[in-house]
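# Observations on the three-dimensional arrangement
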Amino acid sequence: MKISIRTKLTASFLAVTFAFILCLSIVSLVAQDLTTTIGQMQEVERKVELASHLQLLVNKLLQPANLYLVTGDIGERDNLDRMISEISVIIKELQKQQGDHEWQILADRVNQDILKLSEMLINVMFIDHPVGNKEAAKLIRKANLFSEGLIEESKKFDSLSGQQMIKMYEIAQSKGTRVRIAYYGTIAMAMLFLALLSFFLSRYINRPIQDLYRGVQLVASGELNHRLSIKTRDEIGELAREFNQMVEAVSDMKKDLDRRLEETWHLAITDALTGLYNHRFCMEKIVEEIRRADRYDRPLSIILADIDSFKHYNDTHGHLRGDDLLRLFGSVMKRQVRDADFVCRIGGEEFVMILPETEGAMAVQIAERLRMAIEQYPFPYQEAQPGGNLTISLGVASYIKGHMDSQKLLKSADDALYQAKREGKNKVVTLT
Amino acid sequence: MVLRFLRSSPSRFMIQWLSACAMAIWSTVLCSPALSADEIAIIVNENGPLTHISRAEVRDIYLGEIRFVEGFRIVPLHCPEGPAKHSFLSTIIGLSSKAYKLHWAKKVFQEGLTLPPIKADPSDIVKWVKEQPGGIGYVPKELAEMDRGIRILDTIEIIEH
């Protein structure tokens, strides 16, 4: 199954977004919880405020009646109305507050008591001649006493809301701790997640690209045997697979080319008829070997060989048999020299043997061995040759340092061969 | 000469005293309609829902029994303690001030109603009734007759006591 880089990146992006939203929602949920608690705390604070306000208003409720007793002003009755309006608003709000059963009962009781107090005050305020009236004074004292009881009663609101406040405070503290934990936890999680993400990105995108780059560099520098080992199932993996196939093809082509070059090279230096080295190789080799002999101060000899009366054989038995003979000659000669020596056919029936590391005396021995081998070899149709046998003549020349070049060496061997021919063939001659 | 007279301290005291007296008389005439008016008028908004209500309905409104008419919130208004209010309460409601107050104390603390507001100035009452479709009040008759946008439901005589 193929998973493209785009899919990987999209998946990473989605994962990051999802994690981000998750973290945010966790924090916001916890924070919202705290906000709710804070809201509740504000409610409780409102209760405390209301309770203290109530006490104040109970005192104010008494004022018009007290003033009426002093001044006898009937306008104070209107002021009482105003006080009743104010206190009734507070009482209504106290009753509306969310609270436990105890709170509600207390609020209802305080409400009843304030009604009772109001009635008492109204009674006081409709006494016709209040100033100095003993009856009125008695009534107002009663009302004052009653209001003190009422204030004591309403102080219970304080203790109730105070308890609630402490409870809320504790809850808020624990919730605050939870918010902190969620906050730091989220940050830690986010960092962990990012680290994981960067690890995966580098593991599955970055590293394959680096591997690809290094592999391509290696192959480009000529390491055709190198293969990429990227196993990811995305575009990079596909690219690597294709690249490997390409390198395979190039490598095959190069092998083929090398083989062909080898063949061509072989053809270029080989005599087609005998399979020995050809004239060109011979000349190059002699120059090369002279150079080597010079450099390391080593001996070097060459043998020039020529089949005696080959023209006669050719004329008598035809070119095809002449060619067969040349081939046979080649193989016999090759068998007589050492592996390090080079046997070349440089002309029609002329052969050169290059013998590195070989003194003149040794070369003469080799030449003599060769001459004997040919003399004794039962060549086909050799009876028809002059003397009834097929033979060769050989000229041996050794390189003398400082006095010779390749031409002179060959000339010397040629001279020796010429002398051997002149002295009646089937001979080895050396002039050096 | 005149300036010197005005600057002398006894005359300055006299001027102050005279002006205070004038202001007192003026304000008494203006703000206590009970002294100068024989009748008070019960007024409602001309375009409101209360233009054709009976005395009994006025009573129920002032006792807090009727609070909405045709979807309008009804707000009854009072003037400050005095002969006008006293006459209104005894004629229309049939209760003494004390009994009325006791009634409303129960309404406020037991039923959660709000007290009818008190407006010190009768022209404030007129203004309020003109602006609020559910407004109802009682003012000196001359004041009510002067104004448009309100309707006089009924008039009652002021009972001196």
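Up top is the structure.
Below or above, wherever it landed, is the structure these notes cover. (Residues numbered from 1 in each chain as written. Chains lettered and ligands numbered in written order. Predicted model: local features only at pLDDT ≥ 70, side-chain atom pairs only at ≥ 80, totals over all residues.)

Let's shift gears to the overall build of chain A. Counting its secondary structure elements, chain A contains ten helices and five strands. Nonlocal contacts in chain A, meaning residues at least 24 apart in sequence, comprise 69% of its contacts between residues at least 6 apart. (Helix = DSSP H or I, 4+ residues; strand = E, 2+ residues; numbered from the N terminus. Contact = placed C-beta atoms within 7 Å.)

Quick look at the environment of Y68(A) now. Residues and elements named next belong to chain A. Structurally, Y68 is set in helix α1 (residues 5-71). Between the C-alpha atom of Y68 and that of P130, which follows or precedes it by 62 residues, the distance is 7.1 Å. Once you skip the residues sitting within four places of it in the chain, Y68 turns out to touch D73, E76, M125 and P130.

On to the sheet that holds strand β1 (residues 39-45) of chain B, then. All names here are of chain B. The strand order across the open sheet built from four strands is β4-β5-β1-β6, with neighbouring strands paired in mixed fashion. If you trace the sheet from one side to the other, it starts and ends with β4 (75-76) and β6 (150-157), each paired once. Bridging between β1 and β6 involves seven bridges; their strand directions are antiparallel. What sits directly across from V44, in β6, is R151. Along the sheet, helix α7 (residues 122-131) makes contact with β1, β5 (135-140) and β6, crossing β5 at roughly 150°. (Pairing = 2+ DSSP bridges. Axes fitted to C-alpha atoms, helices over the stretch in contact; angles between N-to-C directions.)

For the rest of this paragraph, the subject is unusual backbone geometry. Residue and element names in this part refer to chain A. Although it is not a glycine, Y381 sits at a positive phi angle of roughly 60°. Among the secondary structure elements, Y381 is positioned in the loop between α9 (360-376) and β4 (392-398). Notably, K425 is not glycine yet its phi reads approximately 65°, a positive angle. Relative to the helices and strands, K425 is located in the loop between α10 (406-422) and β5 (428-430).

Moving on, we come to the packing of α1(A) against helix α3 (residues 101-125) of chain A. Residue and element names in this part refer to chain A. For the pair α1 and α3, interaxial distance at closest approach is 9 Å and the crossing angle is 15°. Compared by their axis directions, α1 and α3 come out roughly parallel. Judged by the twist between their axes, the crossing of α1 over α3 is left-handed. Contact residues: α1 offers L61, P64, A65 and Y68, while α3 offers L117, L121, V124 and M125. Classifying every residue of the contact of α1 with α3 by side-chain character gives eight nonpolar, no polar and no charged. (Parallel < 35°, antiparallel > 145°, perpendicular 65-115°, else oblique. Left-handed = near helix turned anticlockwise from the far one by under 90°. Nonpolar A, V, L, I, M, F, W, Y, C, P; charged D, E, K, R; others polar.)

To continue, consider the interface of chain A and chain B. Chain A puts 16 residues into the contact, and the matching count from chain B is 15 residues. Contributions of two or more residues to the side of chain A that touches chain B are made by α2 (76-96) and α3 of chain A. A per-class count over the side of chain A that touches chain B returns six nonpolar, five polar and five charged.

Our focus in this paragraph is the nonpolar core. Residue and element names in this part refer to chain A. Grouped together as the largest cluster of nonpolar side chains are 43 residues, with contacts concentrated most on I302, I303, A367, L394, V396 and A413. In this structure, I302 is in contact with I286, V352, M353, I354, L355, A397, L409 and A413, ignoring residues within four places of it in sequence. Membership of the second largest hydrophobic core comes to 34 residues, among which are V58, L61, L69 and I91. (Core = buried A, V, L, I, M, F, W, Y, C linked by C-beta atoms within 7 Å. Buried ≥ 20, exposed ≤ 12 C-beta atoms within 10 Å, placed from the backbone.)

All names here are of chain A. One open sheet accounts for five strands, arranged β2-β3-β1-β4-β5; its pairing is mixed. Of all strands in the sheet, those with a lone pairing partner are β2 (342-345) and β5, marking the two edges. The mean inter-strand angle of the sheet, taken between neighbouring strand axes irrespective of direction, is 20°. Relative to strand β3 (residues 350-356), strand β1 (residues 300-307) is paired through seven bridges, and the arrangement is antiparallel. Bridge pairing in β3 links A305 to F351. The strands that α10 touches are β1, β4 and β5; relative to β4, the one it contacts most, it runs at about 145°.

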